[in-house]
Every structure is written in C-alpha cells, then in structure tokens.
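Observations on chain architecture
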Amino acid sequence: MFDLFDAPLIPGLASQADLVSAAEERSLVDAIDAQPLSPFRFQGWEGKRLTYSFGWNYDFDTGEVARAAPMPDWLVDVRKRIAIFAGLDPGHLVQALLIRYDVGAGIDWHRDRPIYEHVVGLSLGAPAVMRFRRKHGDRWQRVNLPLQPREAYHLSGEARHEWEHSIVEMQEVRHSITFRSSSNRGRSLLIE
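Because the structure is predicted, anything quoted here is derived from the model rather than measured. Every chain's residues receive numbers from 1 upward, in the order its sequence appears when written. Reporting in this predicted model follows two pLDDT cut-offs: at least 70 for local features of residues, and 80 or more for side-chain atom pairs to be given and counted; totals over whole chains, interfaces and linings ignore these cut-offs and use all residues. Only heavy atoms go into the side-chain values, all of them from the structure, while hydrogens and water stay out.

Side note on the environment of G104
Labels follow the DSSP assignment, with helices taken as runs of H or I lasting at least four residues and strands as runs of E lasting at least two, numbered in each case from the N terminus. The topology assignment puts G104 in the loop between β6 (93-101) and β7 (107-110). A sequence separation of 68 residues divides G104 from E172, and the C-alpha atoms of the two residues are 8.1 Å apart. Throughout, a residue-residue contact means that at least one pair of heavy atoms, one from each residue, lies within 4.5 Å. Sequence-distant contacts of G104, that is, excluding residues within four places in its chain, are made with K48, E169 and M170.

Structure follows, in structure tokens:
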C-alpha cells in the first residue's frame, strides 16, 4: 500500500492485489476449512478465530515452539508465490498459520513473537482492515491498510518491529494464510 508519491504508508509494509485468482481463492478457503481448525488460545483465554499451523507451532499458553505437520502440496505453491512477492526464499518461510475469522472475530493489537522475522499474509474471502499503531510521544500514530480478497501483505523492518497491528472484527467470514520466517533468535529454537 502506497501513498500518492509511491512511498509506503509505513517503511517495511507492502501489499499486492490479486496474488491468486478467484477460483484459487475458493479452493484455498475449502482447503483451510478442511483442516482441524481450533479456537485460538492465549494464556487460558479462547479467541473467536479458528486456527491451524503447518511447519512450526507457537503455543501461547506455554510459550513453547514445536514442530507441526509439514506444509501440504496445496500450501507449498502459495508459499512460493508469496515468497516471490516478498522477495524471500520460499524455504525461509517456516511457518504457515491458517485462520478463519467468523463474524465478530478479529485480532487485538500485537506484534508477532520475536522468534519470527518476516510476516507475509494472504487475505481471502471478505475484505478486512489491518490497523497499525505506534506510540509517538504521548499520542498514538495510526495507519490503516484495507485488505481486499486475494491481497497479499508483507511486514518487515519498521512495520514489523516498531508498529503493532490488529484486524478489525469481521462482519463476514474471512480466511487468511500467514507465513512467517524465523528470526536469529527463532533459528536457535527451530533447529530442524
């Protein structure tokens, strides 16, 4: 997402429309719904969104990282395309998190865990708004990134480390696939 002068809204934030076709989107949504999705858990609290991980899984109740099921073939092609968009080696994207946001589900303000570096996602289904904020003096600086169906986004550098992000509660069902690379800190935990 860029402003009128082709500068990113936030350094390190990029997006690309139509990473997949409408037919591919339907297939991906069906594949996500076919997984054993379960409610997101965070320190004993259960969220409204449903998730499933491939590659690696971060347990928010214990703070531990564990190996998850390997990425299936249908996800490997998406990972390759999203890596090309982000300028990354597909093999560096070690985790894929599938999410289904039912009506009323969103994500509160957060930064991804420091074991991960690049965060590259694909928005599917209903449009969404990804919000960004960071403390600037005694005020919050805020930016919104509208995400259309089939749109990819990439958080790196300043957007990844200095800004928190959230997803506004959904009015319609939305799905997403979020790929993450490991950070230097994460590599020591994600030894294969």
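Regarding the pattern of salt bridges
When a carboxyl oxygen of Asp or Glu is within 4 Å of a side-chain nitrogen of Lys or Arg, the pair counts as a salt bridge. Taken as a whole and judged by the stated rule, the model has ten salt bridges. Where R81 meets D77, a salt bridge forms, and the shortest distance between an N and an O atom there is 3.1 Å. With R81 and D77 both in helix α2 (residues 73-86) and four residues apart, this pair spans about one turn of that helix. On the basis of relative accessibility, which here comes to 25%, the residue R81 falls in the partly exposed class. Here R100 and D102 are joined by a salt bridge, their closest N and O atoms 3.1 Å apart. The rule is simple: take the accessible area with a 1.4 Å probe, protein chains only, and divide by the maximum for that residue type; under 20% is buried, over 50% is exposed, in between is partly exposed. Judged by its relative accessible area of 26%, D102 falls in the partly exposed class. The network of salt bridges with shared partners includes D18, E25 and R150.

Details of helix α1 (residues 22-33)
In this model α1 runs 17 Å from its N-terminal to its C-terminal C-alpha over twelve residues, within 8% of the 16 Å that 1.5 Å per residue would give. Turning to α1, the residues buried within the fold contact α2, β6, β8 (116-125) and β13 (174-182). Between the first and last residue of a helix there are one fewer steps than residues, each counted as 1.5 Å, and that sum is the expected span.

Side note on the sheet that holds strand β9 (residues 128-136)
Reading across from one edge, β7-β12-β9-β10 is the order of the four strands in this open sheet, with antiparallel pairing throughout. Where the open sheet ends on each side, the last strands, each with one partner, are β7 and β10 (139-147). Across the sheet, the mean angle from the axis of one strand to that of its neighbour is 15°, orientation sign disregarded. Bridge analysis of β7 against strand β12 (residues 164-167) gives two bridges, and the strand direction is antiparallel. Residue pairing in the sheet places H110 in a bridge with H165 of β12. Should DSSP find at least two bridges between two strands, the strands are taken to pair. Orientation is described by axes fitted as lines to C-alpha atoms, over the contacting stretch for helices, and by angles from 0 to 180 degrees between their N-to-C directions.

Considerations on α2
Compared with the 20 Å implied by 1.5 Å per residue over 14 residues, the 20 Å span of α2 between its first and last C-alpha is a close match. Of the positions making up α2, those classed as buried are L75, V78, R79, I82, A83, F85 and A86. Here the buried residues of α2 occupy an arc of 150° about the axis, which is enough to place them on one side. Every exposed residue of α2 that faces more than 90 degrees away from the buried side is listed here: D73 and I84. Phi turns positive, to about 70°, at G87, one or two residues after α2. Starting at the helix axis, one direction is taken to each C-beta atom, and the arc is that of these directions.

Points about the packing of aromatic side chains
Note on aromatic pairs: each is described by the distance of the centres and the angle between the planes. Classification of ring pairs rests on two measures: the distance between centres of Phe, Tyr or Trp rings, Trp counted by its six-membered ring, which must be within 6.5 Å, and the angle between planes, read as stacked under 30 degrees, edge-to-face over 60 and tilted in between. All told, the structure shown has two aromatic pairs when counted by the stated rule. Ring centres of Y52 and F54 lie 5.1 Å apart, and the angle between their planes is 75°; this geometry places the pair in the edge-to-face category. Classification of Y52 as partly exposed rests on a relative accessible area of 23%. Ring geometry for F54 against W74: centres 6.5 Å apart, planes inclined by 85°, an arrangement best described as edge-to-face. Of the two residues, F54 is situated in strand β3 (residues 45-54) and W74 in helix α2; the sequence distance between them amounts to 20 residues. The class for F54 is buried, based on a relative accessible area of 5%. Taking the relative accessible area as the measure of exposure, W74 reaches 26% and is therefore partly exposed. What links up through ring pairs into an aromatic cluster is the set Y52, F54 and W74. Of note, R180 hangs over the ring of Y116, and the distance from its end group to the ring centre comes to 5.5 Å. Look at NZ for Lys and CZ for Arg. If either is within 6 Å of the ring centre and within 35 degrees of the ring normal, a charge sits over the ring.

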